[in-house]
Amino acid sequence: MPIQRHTLLSLAAAIALIAAPMTIGGSAQAQQQNRGDKPVTGNSGGGGGGGGGFRGPGWGVVVPGLIMAIPHLAPPPPDREIYDEPAQSRQPRRPPPQTAARRGPSGAPPANENRLVPDEVVIELRNTVRPQQIDTLQRRHRLTRIESQVNQLSGTTLYRWRIPDRRSVAQVVRELEANNLVVSAQPNYLYKLQQSEQKPAGDPAQYELAKLRLPEAHALAQGDGIRVAVIDSGIDTEHDELKGSVTDYYNALATPMAAHNHGTAIAALIAGHGKLLGAAPKAKILAIRAFDPKEGGAEGTTFAILKGIDWAAANKANVINMSFAGPNDPAIRRSLEAAYKKGIVLVAAAGNEGPASPPLYPAAYPDVIAVTATDAEDKLFAQSNRGRHIAVAAPGDQMLVAIPNGYEVSSGTSYSAAEISGIVALMLERDGRLTPAKVRAILLATARDLGPKGRDPEFGAGLVDAMEALSASGIPVSAASSGKRPVERVSTGTR
């Protein structure tokens, strides 16, 4: 259509009017800042001087030499979204990071999951959230605060809140996830220590010493100076096996510290040096009480375990032993991922729920070394969990273990994990440069194959050989997924 002369004049006048702020006293953005106005929030365009390529509130598309005006010259009201895209593809801008909503899968429990505290939720908030906002969030969702804990690994604060009415945990979690202040929300899951049976003390012979070749390995290292965090029930720090071994302790529970069979047994299998010989007799134990006695065993929660992991990392643990098992837990997984990135080796019991059980956690997380149990004849402990996540095996059936004021014979993958944590301590004393990935690679590459040839869902890579693991060097990280590799020997010195 032909353009009339008066139309061109009107357009020229409009251009002159709009361009004037761009040529007097600098850009529109600079003028706004000089006047103390809010800065322009548009994106800067390509290179060139003046306002070429700039887009912002109240402006159309600007190209060098031409400004296309749109009717609303004033910035939009504060409650309106600002768009840079064409109308047909407009999407609201994402909120700033400090108020970004949760991303990823929901933390609501799976259907029929009952391994949780039925009237509690665990909520994660950024440390920048103000107390008034937290109080408002709590009232809005009709929750009662129980406790909170700053998590140094994640840089957030964890809250444990009670649901005082009859709403389900899943319902409350989903409601919380819709709030932009909430980084994550989930159940307070329940975990059990992996100890299966106890008997009066029997044959004092520790068959695991020969199976794991620990006496030979102790000629090279004994775990001196290595910190092994034990997240478990209470430990008898005055037991003859552990005198001088527990260098620090932390009670993640509200109840008073009390010694318990399981925690004492795990610590002594790692660092015992009395009647028994631990896998790393000179290792230092960081005792973390996160499990309370219950129905002949002990039970812990998401919140207590998270506190324990964070404390272990803050106290420079080299290894974290987790002789417990339970459901898949997003918060614990994130915390363990952060610990792994800090160079902490993570070891966990595979579980005692038998061959029909689905994978149990934390053993099934990719950053964790999952340990199954064998007996004196190198057969699989019947109650051991199976799965492709199983990394290695160690003795765990009919073990002579320390308990408060005595000893007993007991079984479980808990004990196998403790043996491996001790061997990892030997490896780290021998070579402090080992990363968690390298530790795993060496353990798998030097293990003695059991069961079907190669790595399998029952024994993993096989029975760990402490002497081979300490004597190996140059094992590539890829060995973790491809079976054994040739072992290059290093000098062992005087034995």
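Scroll up to find the structure.
Predicted model only: the values in this text are computed from it and were never measured.

Cut-offs and rules
- All chains use their own residue numbering, which begins from 1 and follows the written sequence.
- For this predicted model, a pLDDT threshold of at least 70 governs which residues receive local features, and a threshold of 80 or more governs which side-chain atom pairs are given and counted, while totals over whole chains, interfaces and linings are taken from all residues.
- In computing side-chain values, all of the structure's heavy atoms are included and hydrogens and water are not.
- Each residue is assigned to one of three classes by its accessible area relative to the maximum for its type, calculated with a 1.4 Å probe on protein chains only: buried under 20%, partly exposed between the two thresholds, exposed over 50%.
- Numbered from the N terminus, helices here are DSSP runs of H or I no shorter than four residues, and strands are runs of E no shorter than two.
- For two strands to pair, DSSP has to find at least two bridges joining them.
- Only Phe, Tyr and Trp rings take part, Trp by its six-membered ring, and two of them pair if their centres are within 6.5 Å. Stacked means planes under 30 degrees apart, edge-to-face means over 60, and tilted covers everything else.
- What counts as an axis is a line fitted to C-alpha atoms, over the stretch in contact for a helix, and the angles between N-to-C directions run from 0 to 180 degrees.
- Here a residue-residue contact requires only that any non-hydrogen atoms of the pair lie within 4.5 Å.

**Student:** Where do I start with the pairing of strand 16 (residues 368-374) in this structure?
**Tutor:** If a strand is regular, its side chains alternate between the two faces of the sheet. Burial within strand 16 is extensive, with seven of its seven residues counted as buried. Residues Val-368, Ala-370, Thr-372 and Thr-374 line one face of strand 16 and the alternating positions Ile-369, Val-371 and Ala-373 line the opposite face, and both faces are buried. As judged from the five bridges shared by strand 16 and strand 17 (residues 390-395), these two strands associate in the parallel manner. Among the inter-strand pairings, Val-371 is bridged to a residue of strand 17, identified as Val-392.

**Student:** Where do I start with the packing of aromatic side chains in this structure?
**Tutor:** For any pair of aromatic rings, the description consists of the separation of the ring centres together with the inter-plane angle of the planes. Counted according to the given criterion, the structure contains five aromatic pairs. Aromatic side chains Phe-291 and Phe-324 sit 5.1 Å apart centroid to centroid with 40° between the ring planes, which places their arrangement in the tilted category. Taken together, the positions of Phe-291 in strand 11 (residues 291-294) and Phe-324 in strand 14 (residues 324-325) put the pair 33 residues apart, joining distant regions of the chain. Like Phe-324, Phe-291 is buried.

**Student:** How do you make sense of the sheet that holds strand 10 (residues 284-289) when you look at a structure like this?
**Tutor:** Consider a sheet: its strands pair through backbone hydrogen bonds, and that pairing is either parallel or antiparallel. Spatial ordering of the open sheet is given by 9-10-8-13-15-16-17, a layout of seven strands whose pairing is parallel. Single-partner strands in this sheet number two, and they are strand 9 (246-251) and strand 17. Across this sheet, the average inter-strand angle for adjacent strands is 25°, counted without regard to direction. Against the sheet, helix 8 (residues 302-314) touches strand 8 (227-232), strand 9, strand 10 and strand 13 (319-322), its axis set at about 145° to strand 9.

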